[in-house]
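# Geometric and topological summary
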Amino acid sequence: DGTSLSSESLKGHPVVVYFYPKDETPGCTKEACAFRDAWEKLSSLGVVLIGVSNDSNDSHKQFAEHHQLPFHLVSDSLGTLAIQFGVPNTRGFLARQSFVIGKDGNVKKIYRSVDVASHAQEILADVQ
């Protein structure tokens, strides 16, 4: 939606950053919709949820509208965030990985392997 995010504005909130390969693909859509379905619980805990892929802002906007995603989607077209988080980029597709960051700004948990069917519930358990 064009909202700017900065690490400063995220302080004091638990943050989940999840990297995914591509908008509107089966696995990525399943994961995003699972996060959407868990959103009420996540947001009640003050969680800031950020999905990241190499897709454009326009693609993210359409993806969010199509699936009524209430959380942030960030375009990492240059791969800068992926490099900072150590997320592999294979032929323009980011690996599916997630990071749970505590209110203190420290990484609490890293998921280098993700099962899209159960991941939202795992994240919910990690932020409580």
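Note that the coordinates shown come from a computational prediction; the quantities given were computed from them, not determined experimentally.

## Describing the packing of aromatic side chains
Counted according to the given criterion, the structure contains nine aromatic pairs. Plain terms: the ring middles of tyrosine 20 and phenylalanine 63 are 6.2 Å apart, the flat faces sit at 35 degrees to each other, and that makes the pair tilted. One end of the pair, tyrosine 20, is in the loop between strand S1 (15-19) and helix H2 (26-37); the other, phenylalanine 63, is in helix H4 (residues 57-67), and 43 residues separate them in sequence. Its relative accessible area of 0% is what places phenylalanine 63 among the buried residues.

## As for the pattern of salt bridges
Applying the stated rule across the entire model yields four salt bridges. A salt bridge links glutamate 8 to lysine 11; the nearest nitrogen and oxygen atoms lie 3.5 Å apart. Among the residues examined, glutamate 8 registers a relative accessible area of 56% and is labelled exposed. One salt bridge in this structure joins lysine 22 and aspartate 55, with 3.1 Å as the shortest N-O distance. In this pair, lysine 22 sits in the loop between S1 and H2 while aspartate 55 sits in the loop between strand S2 (48-53) and H4, placing the two residues 33 residues apart along the sequence. Here lysine 22 falls in the partly exposed class, since its relative accessible area comes to 32%.

## Quick word on the nonpolar core
Membership of the largest hydrophobic core comes to 22 residues, with the highest contact counts inside it found for Tyr18, Phe35, Leu42, Phe71 and Leu73. Contributions of two or more residues to this core are made by S1, H2, H4 and helix H6 (119-127). Top element by residues in this core is H6. It accounts for four residues. Those residues in contact with phenylalanine 35, other than ones at most four positions away along the chain, are Tyr18, Leu42, Leu49, Phe71, His119, Ala120 and Ile123. Core analysis: the next-biggest nonpolar cluster, separate from the first, contains 12 residues, Leu10, Phe19, Val87 and Leu94 among them.

## Things to note about the side chain of glutamine 97
With respect to the helices and strands, the residue glutamine 97 is situated in strand S6 (residues 97-101). Of the residues examined, glutamine 97 reaches a relative accessible area of 6% and is grouped as buried. Separated by 2.5 Å, the side chains of glutamine 97 and arginine 112 make a polar contact.

## Some points on the packing of H2 against H6
Each pair of packed helices can be described by the angle between their axes along with the distance between the axes. At a minimum axis separation of 8 Å, H2 and H6 run at an interaxial angle of 40 degrees. Judged by the inter-axis angle, H2 sits oblique to H6. The hand of the H2/H6 crossing is right-handed. Residues Glu31, Ala34 and Phe35 of H2 form the contact with H6, whose participating residues are His119, Ala120 and Ile123. Taken together, the residues of the contact of H2 with H6 break down into four nonpolar, one polar and one charged.

## Examining H6
Residues spaced three or four apart along an α-helix point in a common direction, a consequence of the helix completing one turn every 3.6 residues. Of all the positions in H6, only His119, Ala120, Ile123, Leu124, Asp126 and Val127 are classed as buried. Taken around the axis of H6, the buried residues stretch over an arc of 160 degrees, which confines them to a single face. Structurally, H6 contributes buried residues whose contacts are with S1, H2, helix H3 (39-44), S6 and strand S7 (107-111).

About the cut-offs
- Residues numbered from 1 in each chain as written.
- Predicted model: local features only at pLDDT ≥ 70, side-chain atom pairs only at ≥ 80, totals over all residues.
- Heavy atoms only, no water.
- Phe/Tyr/Trp six-rings, centres within 6.5 Å; stacked < 30°, edge-to-face > 60°.
- Helix = DSSP H or I, 4+ residues; strand = E, 2+ residues; numbered from the N terminus.
- Buried < 20%, exposed > 50% of the residue type's maximum accessible area, 1.4 Å probe, protein only.
- Salt bridge = Lys/Arg side-chain N within 4 Å of Asp/Glu carboxyl O.
- Core = buried A, V, L, I, M, F, W, Y, C linked by side-chain atoms within 4.5 Å.
- Contact = heavy atoms within 4.5 Å.
- Polar contact = N/O pair within 3.5 Å; in protein donor to acceptor, adjacent residues only side chain to side chain.
- Axes fitted to C-alpha atoms, helices over the stretch in contact; angles between N-to-C directions.
- Parallel < 35°, antiparallel > 145°, perpendicular 65-115°, else oblique.
- Left-handed = near helix turned anticlockwise from the far one by under 90°.
- Nonpolar A, V, L, I, M, F, W, Y, C, P; charged D, E, K, R; others polar.
- Arc of directions from axis to C-beta.

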